[in-house]
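Descriptive structure summary
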Amino acid sequence: MLSSRPYLTRALYDWLLDNDHTPYIVVDAMQEHVVVPKQFVQNGQIVLNIAPTAVRDLRIENEMISFNARFGGEPMEVWVPIDALVAIYSRESGAGMVFGHEPVLPQPEDEENGAKLESVPNEGRAEHEENPAPGGDDDRPERKRPSLRVIK
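Reading guide: rules and limits
Residues numbered from 1 in each chain as written. Predicted model: local features only at pLDDT ≥ 70, side-chain atom pairs only at ≥ 80, totals over all residues. Heavy atoms only, no water. Salt bridge = Lys/Arg side-chain N within 4 Å of Asp/Glu carboxyl O. Buried < 20%, exposed > 50% of the residue type's maximum accessible area, 1.4 Å probe, protein only. Helix = DSSP H or I, 4+ residues; strand = E, 2+ residues; numbered from the N terminus. Contact = heavy atoms within 4.5 Å. Core = buried A, V, L, I, M, F, W, Y, C linked by side-chain atoms within 4.5 Å. pLDDT = per-residue confidence, 0-100. Polar contact = N/O pair within 3.5 Å; in protein donor to acceptor, adjacent residues only side chain to side chain. Pairing = 2+ DSSP bridges. Axes fitted to C-alpha atoms, helices over the stretch in contact; angles between N-to-C directions.

So, on to the pattern of salt bridges. On inspection of all chains with the given rule, the structure shows 2 salt bridges. As a salt-bridge pair, Arg59 and Glu61 come within 2.3 Å of each other at their nearest N and O atoms. Arg59 gets classed as partly exposed once you look at its relative accessible area, which sits at 48%. As a salt-bridge pair, Glu92 and Arg91 come within 3.2 Å of each other at their nearest N and O atoms. Since its relative accessible area comes to 40%, Glu92 is described here as partly exposed.

Below, the structure written as structure tokens:
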């Protein structure tokens, strides 16, 4: 599965702007491929104002956040890999979201690789044996719980 981080970031960015708040992001400046003004990095992180009045050409894509801005009067192109994004929040209220480390989710495999989902029998346990019906109706047909397993 794709990371939810860029989708949540875009949604929170729009929400903050719609509420007349200034969106700030916190970036882990020590990660690979991060391009930020190093002179403003503190404790391995940098806080950046990404309001439309502060940046140009903002792009929040699935893999990268990029924009142009001025730092100390000097123009700079900023690159933040989406995995280096720590948080997005409102300067005015602090409302927003801090991102934790996302687990690596397996990508769906092609049928060409031989992976497929298949129903697995329930090892003979009937659902009504574990959960008898209220009123004691034991004449119900046996039902098995469906389950799936990956076959490679």
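The rest of the description comes next.
Mapped onto the fold, Glu77 is located in strand E5 (residues 74-81). On a C-alpha basis, the gap between Glu77 and Ser66 in space is 7.2 Å, while along the polypeptide they are 11 residues apart. The residues contacting Glu77, other than those within four sequence positions of it, are Val35, Phe67 and Asn68.

Across soluble globular proteins, nonpolar side chains show a tendency to be buried alongside one another. By size, the foremost hydrophobic cluster in this structure holds 25 residues, and its most contacted members are Val27, Val36, Leu48, Phe67 and Ile88. Secondary-structure elements contributing two or more residues to this core are helix H1 (5-18), strand E1 (23-28), strand E2 (45-49), strand E4 (64-71), E5 and strand E6 (85-90). Broken down by element, the residue count for this core peaks at 4 residues, all from E4. Ignoring sequence-local partners within four residues, the contact set of Val27 consists of Val34, Gly44, Gln45, Ile46, Leu48, Val80, Ala84 and Val86.

On average, residues of the protein chain score 83 in pLDDT, and 66% of them reach the 70 mark or higher. This stretch, residues 125-130, has a pLDDT under 50; its non-local contacts, to residues over four places away or in other chains, come to 10 contacts.

Turning next to the side chain of Ser90. Mapping Ser90 onto the fold places it in strand E6. According to the relative accessible area criterion, Ser90 is buried, its value standing at 0%. Here His21 takes part through its side chain, which lies 2.5 Å from a polar atom of the side chain of Ser90.

Turning to the sheet that holds E4, a few remarks are in order. Strand order across the open sheet formed by 3 strands is E3-E4-E5, with antiparallel pairing between neighbours. Each edge of the open sheet carries a strand with a single partner, namely strand E3 (56-60) and E5. When the angles between neighbouring strand axes are averaged without regard to direction, this sheet yields 25°. Each of E3 and E4 is contacted by H1, which is oriented at about 135° to E3, the strand it contacts most.

A separate point is unusual backbone geometry. Although it is not a glycine, His33 sits at a positive phi angle of roughly 70°. Following the sequence through the fold, His33 ends up in the loop between E1 and E2. Phi is positive for Asn43, close to 55°, though the residue is something other than glycine. We classify Asn43 as exposed; its relative accessible area is 83%.

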